[in-house]
Amino acid sequence: MDIFKNWTDDHTKKFRKDIITVKHRLSETGLFTDEALARLLNKHPSQKLDVCTMGKGTELFPNKFRTGDFRDSDGKTLIEAAKAGKIWINVREAMNVHPEYKAVLDQMYGAISDITGEPTFNARGGILISSPAARVPYHCDQTETILWHVRGKKRMYLYPPTEEYLPDEAYHRIITNDREDDIPYSEDMDKGAKAFDLSEDEMISWRLNAPHRVDNQSYCVSVTTEYSTKESAFKNSVMFTNAVLRQKFGVDSRWADASMPEKYVKSIAGRVLRKIGAYDNPDSDDMVTFKVDKNAPGFIVDVEPYQRAF
Ligand SMILES: [Fe+2]
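Treat the numbers as computed from the prediction; the structure is a model and nothing was measured.

1. Some details on the environment of Gln307
- Following the sequence through the fold, Gln307 ends up in strand 14 (residues 300-307).
- For Gln307, a count of 9 C-beta atoms within 10 Å translates into the label exposed.
- Through-space distance from the C-alpha of Gln307 to that of Ala94 is 24 Å; in sequence the pair is 213 residues apart.
- In this view, Gln307 contacts Asp285, Asp286 and Met287; residues no more than four positions away in its chain are not counted.

This is how it looks when you write it as structure tokens:
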């Protein structure tokens, strides 16, 4: 099966240098129907499953996610919760863990390698099942990411990957896992954004690290995939070194100001520093603050917070 319906030479030219959207055939696999997804949720390991709802957050970090306990609900109930309430389900690495989904992931990345002539490595894919009211807050991804929208409608806002939209400090925190992947956001940044209404079976890809946020317009099913390239691995090693320099010595080094030789040295240092754990992370516990409950309005019951251990 040819996974793309309308990939052209122009898409090849712009891939990873600009934003492109292309129609694909994921829904034709039959793996993304409600019935198939309910079966998937029943067998997926709980450690790789996140069921969240949107919190109030703060002014700079709106729509922060809250962690939910889903252990009393079967796959069918979780799908109903996503259709009804404000639930966002991330079936992490679903495309890697289960052979029938892995076969499709291999086709997706095989097609991209064939088209671009470049190898892809460490490709990972998760499945997002989300409510009509779900929103993914402003953030950026540290590897090459593609959103393969499959069912429903979502609007995606993409911002330029410049310091104005993504300060180096915020990126350091992402690289070092110092905090969750949010970066500071304010509404007037929308002036620099491009909005895309994604329809069924449409993928979108953008420049490395370009910040984005997503508003659902209906119940949605999507696949997100990510993989490392030489470019992303190089940048992340340099940024790790800069993060350590900032934390240990208060040195402020900007990515944009650095010469190529400086970046080269820092990329080697970054790999070593990461290995020896040179960056001190504050302990951050994943706290559960609600439970999925079939009989509750919106399937959500608030609970006294407790640490996630499942
Ligand atoms: Fe993302």
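2. Looking at the pairing of strand 8 (residues 154-158)
- Only one face of strand 8 is covered, namely the one carrying Lys154, Met156 and Leu158; the face carrying Arg155 and Tyr157 has none of its residues buried.
- With five bridges joining them, strand 8 and strand 9 (residues 194-198) adopt antiparallel strand pairing. Paired with Tyr157 across the two strands is Ala195, which belongs to strand 9.
- Bridging between strand 8 and strand 11 (residues 212-216) involves five bridges; their strand directions are antiparallel. Looking at strand 11, one finds that Lys154 is bridged to Asn216.

3. Here we look at unusual backbone geometry
- The phi dihedral of Asn209 falls on the positive side, at around 70°, and the residue is not glycine.
- Examined against the element boundaries, Asn209 turns out to sit in the loop between strand 10 (202-205) and strand 11.
- Backbone geometry places Phe299, a non-glycine residue, at a positive phi of 65°.
- Examined against the element boundaries, Phe299 turns out to sit in the loop between strand 13 (287-292) and strand 14.
- The exposure class assigned to Phe299 is buried, which follows from the 27 C-beta atoms found within 10 Å.

4. Focus: the packing of helix 2 (residues 34-43) against helix 3 (residues 75-84)
- Relative orientation of the contacting elements helix 2 and helix 3 amounts to 120°, with a least axis distance of 7 Å. Between helix 2 and helix 3, the angle falls in the class oblique. Of the two elements, helix 2 crosses helix 3, and the hand of that crossing is right-handed. Contacts from Asp34, Leu37, Ala38, Arg39, Leu40, Leu41 and Asn42 in helix 2 reach Gly75, Lys76, Leu78 and Ile79 in helix 3.
- Counted by class, the contact of helix 2 with helix 3 contains six nonpolar, two polar and three charged residues.

5. Some words on the nonpolar core
- Core analysis: the largest hydrophobic core is formed by 67 residues, its most contacted members being Val51, Leu78, Ile89 and Ile129.
- Leaving out residues up to four positions away in the same chain, Ile129 has contacts with Leu37, Ile79, Ala82, Ile89 and Val221.

6. A closer look at the packing of helix 6 (residues 168-175) against helix 7 (residues 230-249)
- Close contact between helix 6 and helix 7 brings their axes to 9 Å; oriented N to C, the two are set at 105°. Overall, the two elements helix 6 and helix 7 adopt an arrangement that is roughly perpendicular. Listed contacts from helix 7 to Asp168, Tyr171, His172 and Ile175 of helix 6 are Asn236, Met239, Phe240, Asn242, Ala243 and Arg246.

7. With respect to the environment of Glu226
- If you trace the backbone, Glu226 turns up in strand 12 (residues 220-228).
- Spatially, the C-alpha atom of Glu226 lies 21 Å from that of Ser267, the residues being 41 residues apart in sequence.
- Apart from residues no more than four positions distant in its own chain, Glu226 is found in contact with Arg124, Asp141, Thr143, Glu144 and Thr145.

Analysis parameters
Residues numbered from 1 in each chain as written. Predicted model: local features only at pLDDT ≥ 70, side-chain atom pairs only at ≥ 80, totals over all residues. Helix = DSSP H or I, 4+ residues; strand = E, 2+ residues; numbered from the N terminus. Buried ≥ 20, exposed ≤ 12 C-beta atoms within 10 Å, placed from the backbone. Contact = placed C-beta atoms within 7 Å. Pairing = 2+ DSSP bridges. Axes fitted to C-alpha atoms, helices over the stretch in contact; angles between N-to-C directions. Parallel < 35°, antiparallel > 145°, perpendicular 65-115°, else oblique. Left-handed = near helix turned anticlockwise from the far one by under 90°. Nonpolar A, V, L, I, M, F, W, Y, C, P; charged D, E, K, R; others polar. Core = buried A, V, L, I, M, F, W, Y, C linked by C-beta atoms within 7 Å.

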